[in-house]
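Residues per chain, in single letters:
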Amino acid sequence: MIDLTLDMEQYDCPFIDTTDDHDVSFSTLQWEFDRHSRELETRMIVEGEDRSVLESGLSAVQEHPTMRSCDLFKKREERAVIKTVIDETDAMATIRANGGYITGPFHIQDGSERWDIGFDDERDADAALAELERNNEYSLESREVMAFDAGGDVLEHAEAARELLEGCRELSTVERDTLRVAAEKGYFDQPRGATLQMLANEFDISDTAVSKNVRRAERKILRRVVEALESVE
């Protein structure tokens, strides 16, 4: 199996258009393609920096001219869950026409979309990449030949992977940004490469506030890690 990770910029995708104009992100929970109607149904988490940003992003994607339907399931603070139906995009059609298939969830932010796709043949993968360049822009983030044993290991520990994904999805935007900056700055290293004061300065908040953000994020992630460890042999 040829496993590709792409950073895609589609010109006919309502989610990419929305994140290009609004500071929100979309992450798929579930997706299903209807071959007869050539429509993609998804359930997605939508996140914004705050409630007003989330509201503007939701309005934009619901009113987008290429959106077939968009139903709000639930909304809380800066996060919402929606069910959408859109027409098959040019990139989707290209992947499918060349024998490709989706291997991981979509994540859409800042006007681009992360795609994890697979092919059974190197030539099909090369043909799809060449065709994608005609009507889309993309960068190839990674290309790997996945051995059978590696694929089997992933399937065997799918429950552990699901737990870790859920932990990531539980993080608020603030918690996610705080963890990312803390890791990049060396806050978790021994000896520490950054202090709470340095992190506080990065976010222009107090030491106490940034400490609470770090602890909340750690608690959510570590709880899921422990649960994942129980299912890993």
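Residues numbered from 1 in each chain as written. Predicted model: local features only at pLDDT ≥ 70, side-chain atom pairs only at ≥ 80, totals over all residues. Heavy atoms only, no water.

A. Quick peek at a negative patch on the surface. A contiguous patch of negative charge on the surface is contributed by E9, D20, D21, D23, E49, D50, D110 and E137. Relative to the helices and strands, D20 is located in helix α1 (residues 14-21). (Patch = residues over 30% accessible without salt bridge, like charges linked within 9 Å, V, L, I, M, F, W, Y side chains within 5 Å. Areas by Shrake-Rupley, 256 points an atom, 1.4 Å probe, with all protein chains shown as cover. Salt bridge = Lys/Arg side-chain N within 4 Å of Asp/Glu carboxyl O. Lys, Arg positive; Asp, Glu negative; His and termini not counted. Charge placed at Lys NZ, Arg CZ, Asp CG, Glu CD. Helix = DSSP H or I, 4+ residues; strand = E, 2+ residues; numbered from the N terminus.)

B. Helix α6 (residues 158-170), seen in detail. For α6, built from 13 residues, the straight-helix expectation of 18 Å at 1.5 Å per residue is met to within 8% by its first-to-last C-alpha distance of 18 Å. Within the sequence span of α6, burial applies to A160, E163, G167 and R169. (Expected span 1.5 Å × (residues − 1). Buried < 20%, exposed > 50% of the residue type's maximum accessible area, 1.4 Å probe, protein only.)

C. Expanded view of unusual backbone geometry. Q190 connects to P191 through a cis peptide bond whose omega is -5 degrees. Following the sequence through the fold, P191 ends up in the loop between α7 (173-185) and α8 (196-203). A positive phi angle, near 55 degrees, is found at E77, a position not held by glycine. With respect to the helices and strands, the residue E77 is situated in the loop between β4 (67-76) and β5 (79-87). Of note, the phi angle at D110 is positive, near 55 degrees, even though the residue is not glycine. Here D110 shows up in the loop between β7 (107-109) and β8 (112-119). The exposure class of D110 is exposed, given its relative accessible area of 57%.

D. The packing of α7 against α8, seen in detail. Contact pair α7 / α8: the axes reach a minimum separation of 11 Å and the direction vectors enclose 130 degrees. Here α8 runs oblique to α7, going by the angle between their axes. Judged by the sense of rotation from one axis to the other, the crossing of α7 with α8 is right-handed. Side by side, α7 and α8 meet where D177, T178, V181, A182 and K185 of the first sit next to L199, E202 and F203 of the second. Its residues assigned to classes, the contact of α7 with α8 comprises four nonpolar, one polar and three charged. (Axes fitted to C-alpha atoms, helices over the stretch in contact; angles between N-to-C directions. Parallel < 35°, antiparallel > 145°, perpendicular 65-115°, else oblique. Left-handed = near helix turned anticlockwise from the far one by under 90°. Contact = heavy atoms within 4.5 Å. Nonpolar A, V, L, I, M, F, W, Y, C, P; charged D, E, K, R; others polar.)

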